[in-house]
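# An overview of the molecular structure
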Amino acid sequence: RHVATTVADAVNEWYASADFVNLAVRTRHEMKRAVDSVVESLPDGFKLADLSASRVLAWRDALRSDDEEKRPLAARTLIKNTMYLRSFVTFAYVRYDLRENPMNKIKAPGGSSARRENVVAIRSYDAFAEMLDTVEKVDESYWLPLLTTAVLAGPRYSELVWLRTDDVNLEQGYIRVGTRRDDSGVVHGGTKTGQERIVPIERTRLKPILTRYLAGRRGDGIGWLFPSHGLAKPTTARTKTPPNLWSHAAVFHGAWERIAAKCVKETGDRDYW
């Protein structure tokens, strides 16, 4: 059944299968990007019958960052790319009755490729507290509650910017982190697993800050917890995201960098800025 089938045809059939369609949107996007890059690197008409463990390893090792130095992938990215290739190759093995599954000969990568001296981390709560104290001096009304929520509740970026005010339950002391769907049913933000989770609100610092912040938000008509323009109306209409929501991570980071620059003037050039 597989002798005349090309890898490209098998990939297209995988994309249409329930194995692929039922995955989370973000996972499908990342998987498709990795596997598409593999298919594009193959000679035209490359046959599924020629799949081998060495070929799969060559694909995986070719998936490098796009910078000029062609640095090796981080361990986490390498593991994810191996998982993506395993999903497709295993589907092909079952669907087309391949003689063997090449992935059975490939061990999962382990360890970390990041050099310890290149990792900058905040290693104590005192450093967190100093950072938050400085942000409070620079922008107490918006960036302080946003950053304190990020630090002490730990949501991912996509989870943070898609939070709504009614996700915060001050009385029972938790934040609900879940999946968002727009009017067309497309999933946005959301958790990595696709399942809702409940995050306790830290009582000493986060709860009083969120309490003051939400009290000032009453009646503003904006449902997002951290709207992209603070509490002001956006100057231009959005086309790809709802009004008052961050349109792109780069826009968010640009805004944060301007606040961080002000913080540097307060405390000096700390690593965590």
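This report concerns the structure included in the present document. What you are looking at is a predicted structure, and each value in this text was computed from that prediction instead of being measured. (Residues numbered from 1 in each chain as written. Predicted model: local features only at pLDDT ≥ 70, side-chain atom pairs only at ≥ 80, totals over all residues. Heavy atoms only, no water.)

## So, the overall build of the protein chain
Cut-off, in case you're wondering: Strands here mean DSSP runs of E at least two residues long; helices mean DSSP runs of H or I at least four residues long; both are numbered from the N terminus. For each residue, the accessible area found with a 1.4 Å probe, counting protein chains only, is set against the maximum for its type, and the residue is called buried under 20%, exposed over 50%, and partly exposed in between. Contacts are residue-level and defined by heavy atoms, with any inter-residue pair within 4.5 Å sufficient. Values of accessible area rely on a 1.4 Å probe in the Shrake-Rupley scheme; residue burial ignores everything except the protein chains shown.
Along the backbone of the protein chain there are 10 helices and five strands. Per-residue burial over the protein chain gives 38% buried out of 273 residues. Within the protein chain, contacts between residues at least 6 apart in sequence are counted, and of these 60% link residues at least 24 apart. Here the protein chain has roughly 16,500 Å² of accessible surface; of this, 50% comes from carbon and sulfur atoms.

## Brief notes about the packing of helix α7 (residues 143-153) against helix α10 (residues 249-267)
Formally: Angular values range over 0 to 180 degrees, each being the angle between N-to-C directions of two axes fitted as lines to C-alpha atoms, with helices fitted over their stretch in contact. Comment on the angle field: the value is read as roughly parallel under 35 degrees, roughly antiparallel over 145, roughly perpendicular from 65 to 115, and oblique elsewhere. For any pair of crossing helices, the crossing counts as left-handed if the nearer helix is rotated counterclockwise from the farther one by less than a right angle, and right-handed if it is rotated clockwise. Following the grouping adopted for this structure description, the nonpolar residues are Ala, Val, Leu, Ile, Met, Phe, Trp, Tyr, Cys and Pro, the charged ones are Asp, Glu, Lys and Arg, and the polar ones are all others, Gly among them.
For the pair α7 and α10, interaxial distance at closest approach is 12 Å and the crossing angle is 110 degrees. As judged from the angle between their axes, α7 and α10 are roughly perpendicular. Handedness of the crossing formed by α7 with α10: left-handed. Packed against α7, whose contacting residues are Trp143, Leu146 and Leu147, the element α10 presents Phe252, Ala255, Trp256 and Ile259 at the interface. Across the contact of α7 with α10, the residue classes break down as seven nonpolar, no polar and no charged.

## A few points about the pattern of salt bridges
Note the threshold: We count a salt bridge whenever a side-chain nitrogen from Lys or Arg sits within 4 Å of a carboxyl oxygen from Asp or Glu.
Under the defined criterion, the tally for this structure stands at 11 salt bridges. The salt bridge involving Asp36 is made with Lys32; its shortest N-O contact spans 2.9 Å. With Asp36 and Lys32 both in helix α3 (residues 25-41), this residue pair falls four residues apart, about one helical turn. The class for Lys32 is partly exposed, based on a relative accessible area of 36%. Notably, a salt bridge pairs Arg156 with Glu159, separated by 3.1 Å at the nearest N-O pair. Exposure remark for Arg156: the relative accessible area of 36% places this residue in the partly exposed category. The exposure class assigned to Glu159 is buried, which follows from its relative accessible area of 3%. Where salt bridges share partners, they join Asp133, Glu136 and Arg205 into one cluster.

## Structural notes on α7
Summarising burial for α7: eight of the 11 residues are buried, a large majority. Every buried residue belonging to α7 is among Trp143, Leu144, Pro145, Leu146, Leu147, Thr148, Thr149 and Ala153, and all of these are buried. Trailing α7 by a residue or two, Gly154 shows a phi angle of about 75 degrees, which is positive.

## Things to note about the packing of aromatic side chains
Convention followed: Aromatic pairing here means that ring centres of Phe, Tyr or Trp (its six-membered ring) are within 6.5 Å. Orientation follows from the plane angle: under 30 degrees is stacked, over 60 is edge-to-face, and everything else is tilted. In this analysis the charged atom, NZ for Lys or CZ for Arg, is taken to sit over a ring once it is within 6 Å of the ring centre and within 35 degrees of the ring normal.
The tally for this structure, following the rule as stated, stands at 12 aromatic pairs. An aromatic cluster of at least three residues, connected via ring pairs, comprises Tyr142, Trp143, Tyr157, Tyr213, Phe226, Trp246, Phe252 and Trp256. The ring of Tyr96 carries the charged tip of Arg95 above its face, separated from the ring centre by 5.0 Å.

## Looking at the sheet that holds strand β1 (residues 168-169)
Note the threshold: Two strands pair under a simple rule: DSSP has to find at least two bridges between them.
Across the sheet, three strands lie side by side as β1-β2-β5; this open sheet has antiparallel pairing. Unpaired on one side and paired on the other, β1 and β5 (197-200) mark the two borders of the sheet. Bridge analysis of strand β2 (residues 174-177) against β5 gives four bridges, and the strand direction is antiparallel. Bridging from a neighbouring strand, Tyr174 pairs with Pro200 of β5.

## Considerations on unusual backbone geometry
With phi around 55 degrees, Asp97 is a residue other than glycine that occupies positive phi space. Checked against the element boundaries, Asp97 lands in the loop between α5 (75-95) and α6 (125-138).

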